[in-house]
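Per-entry structural report
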Amino acid sequence: MPKPTSAAIDAATTIFNLPGYRVLDADALSFGQRRITVESTDPPGCPACGVVSSRRKERRLQRVRDIPVAGPVELIWAKRRWFCDESLCARKSFTEATIEVPRFARSTRRLTAGVQTCALPI
Ligand SMILES: [Zn+2]
């Protein structure tokens, strides 16, 4: 039997379609809302020196505003903090940031783009 040559993407991740993220869990809440928990799939590069880390320091949950995907969604990012293993780097640890949710952002880029598209000129 042939084996896949790349990592298979699960159905929930495919349906949710947030670039750079993988769906970890999905729960049904009241009023048809769903809580989607995701984690980043991007390699964790130190913002100061660029070295990719392999040692996780901690993980915390961050709520991120996002577009409705087949109904209202509460998006939770299981955001990791990594050690920087470069001995010459002054930054000892850093948190993940992605293109879709840049550093200090509280909304996904697709939500921001959607709001800007819908905004009417005054
Ligand atoms: Zn570094």
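One structure accompanies this document, and this report is about it. (Residues numbered from 1 in each chain as written. Predicted model: local features only at pLDDT ≥ 70, side-chain atom pairs only at ≥ 80, totals over all residues.)

Turning our attention to the overall build of the protein. Counting its regular elements, the protein contains 2 helices and 5 strands. In the protein, the succession of helices and strands from N to C terminus is α-β-β-β-β-β-α. Projected onto its principal axes, the C-alpha coordinates of the protein cover approximately 55 × 50 × 25 Å. Scored against the burial criterion, the 122 residues of the protein give a buried share of 14%. Long-range pairs, those at least 24 residues apart, make up 52% of the contacts in the protein with a sequence separation of at least 6. (Helix = DSSP H or I, 4+ residues; strand = E, 2+ residues; numbered from the N terminus. Buried ≥ 20, exposed ≤ 12 C-beta atoms within 10 Å, placed from the backbone. Contact = placed C-beta atoms within 7 Å.)

Quick look at the nonpolar core now. The biggest cluster of nonpolar side chains holds 9 residues, and these are Phe 16, Leu 18, Tyr 21, Ile 36, Val 38, Val 64, Leu 75, Trp 77 and Val 101. Taken together, the elements giving at least two residues each to this core come down to β2 (34-40) and β4 (73-83). The contacts of Val 101, once residues within four sequence positions are left out, are Val 64, Trp 77 and Thr 108. (Core = buried A, V, L, I, M, F, W, Y, C linked by C-beta atoms within 7 Å.)

Right, let's talk about unusual backbone geometry for a bit. You will see that Phe 31, though not glycine, has its phi angle at about 60°, which is positive. Relative to the helices and strands, Phe 31 is located in the loop between β1 (21-28) and β2. Although it is not a glycine, Ala 70 adopts a positive phi angle of roughly 55°. Overall, Ala 70 belongs to the exposed group, with 9 C-beta atoms counted inside 10 Å.

Summarising the element assignment, Leu 75 is placed in strand β4. The exposure class assigned to Leu 75 is buried, which follows from the 23 C-beta atoms found within 10 Å. In sequence terms Leu 75 and Gln 62 are 13 residues apart; their C-alpha atoms lie 8.4 Å from each other. Not counting residues up to four positions away in its chain, the partners in contact with Leu 75 are Ile 36, Val 38, Val 64 and Asp 66.

That's the geometry; what it means functionally is another story.
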